[in-house]
Amino acid sequence: MQNIQVFDDCVHELSRLPGVGRKTAVRLALHILKIKPEQAYKLSDAIKKLKDNIKFCKECGSIAEGDVCKVCSDSHRNKEIICIVEEAKDVFFIENTGRFNGLYHVLGGKISPLDGIGPSDLSFNKLIERVEKLYIKEVIIATNPDADGETTASYIGKILQNVSNLKVTKLASGIPIGSHLEYADEITVLRALENRVNL
Ligand SMILES: [Zn+2]
């Protein structure tokens, strides 16, 4: 590709997105050049609006329009049960089943020694604080069933083991080992939730 700074800058920014390599970034930049200006501006406006208006909920870490998300501020939710997930996107998969009425806690990732992610990089302190403050009766661990997800699940079990009157469960292994919540269909997620097992 010839060196045109403006084009290269766009490719550079696109290639910083997760899962987008340089080749894909070039393809996307060329695509943006081809589409109508209004369409391209809609994209940049949507990104700006997203950044200006959406935050991570200060309670659970899921996405929110204000400081607190819809789930945390809904008085009809069961505030005695928390489902712990790795990422905000996992909340959508469980919400899609329409059968979970508790709260969530988004860790912001999973313990991954190979990627240099340790417990202090994730929201475990906030989790303990919420479990104690809300007098939570059950936490459901819904980390993914891969090696790092299992390490994270054991760690959660360990840090919560001394909290009195707390049941710690995890999703049943209906979701194939190594796969992620996002690749499981709603029925599978629902079954894993309903058939959860004690940790
Ligand atoms: Zn929330």
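This is a predicted model, so every value here is computed, not measured.

Participant: What exactly am I supposed to notice about a nonpolar patch on the surface here?
Facilitator: A contiguous nonpolar surface patch, about 330 Å² in accessible area, is contributed by Phe56, Ile63 and Phe92. Assignment of secondary structure puts Phe92 in helix 5 (residues 88-95).

Participant: What is the right way to read the coordination of the zinc ion from this model?
Facilitator: Each angle at a metal carrying four tetrahedral donors should ideally be 109.5 degrees, and each at a metal carrying six octahedral donors should ideally be 90 or 180 degrees. Distances from the zinc ion to its protein donors, Cys57 (SG), Cys60 (SG), Cys69 (SG) and Cys72 (SG), fall at 2.3 Å. The site at the zinc ion holds 4 donor atoms, and with the angles between them running 105 to 116°, its shape is tetrahedral.

Participant: What is the right way to look at the pairing of strand 3 (residues 81-85) in this model?
Facilitator: As a general feature of sheets, a regular strand has side chains that alternate between the two faces. Burial analysis of strand 3 places 5 of its 5 residues in the buried class, which makes it a mostly covered element. What you see with strand 3 is no split at all: Ile81, Cys83 and Val85 on one side and Ile82 and Ile84 on the other are buried throughout. Here strand 3 runs beside strand 5 (residues 138-141); their pairing, made up of 4 bridges, is parallel. Of the residues in strand 5, the one forming a bridge with Ile84 is Ile141. Handedness of the β-α-β unit built from strand 3, helix 5 and strand 4 (residues 103-106) comes out right-handed.

Participant: Hey, could you run me through the sheet that holds strand 3 in this one?
Facilitator: On the basis of which strands lie adjacent, the open sheet formed by 5 strands has the order 4-3-5-6-7 and mixed pairing. Of all the strands in the sheet, just strand 4 and strand 7 (197-198) have a single pairing partner and so form its edges. Pairing of strand 3 with strand 4, which is carried by 4 bridges, proceeds in the parallel orientation. From the neighbouring strand, Cys83 faces strand 4, where its bridge partner is Tyr104. Sheet strands touched by helix 7 (residues 147-160): strand 3, strand 5 and strand 6 (167-170). Its angle to strand 5, the strand with the most contacts, is close to 165°.

What counts and what doesn't
Residues numbered from 1 in each chain as written. Predicted model: local features only at pLDDT ≥ 70, side-chain atom pairs only at ≥ 80, totals over all residues. Heavy atoms only, no water. Patch = residues over 30% accessible without salt bridge, like charges linked within 9 Å, V, L, I, M, F, W, Y side chains within 5 Å. Areas by Shrake-Rupley, 256 points an atom, 1.4 Å probe, with all protein chains shown as cover. Salt bridge = Lys/Arg side-chain N within 4 Å of Asp/Glu carboxyl O. Helix = DSSP H or I, 4+ residues; strand = E, 2+ residues; numbered from the N terminus. Donors = N, O, S within 2.8 Å, 3.2 Å for Na, K, Ca; no water. Tetrahedral: all angles 85-135°; square planar, octahedral: opposite > 155°, others 65-115°. Buried < 20%, exposed > 50% of the residue type's maximum accessible area, 1.4 Å probe, protein only. Pairing = 2+ DSSP bridges. Right-handed = clockwise from strand over helix to strand, strands pointing away. Contact = heavy atoms within 4.5 Å. Axes fitted to C-alpha atoms, helices over the stretch in contact; angles between N-to-C directions.

Keep in mind these numbers describe shape, not what the thing actually does.
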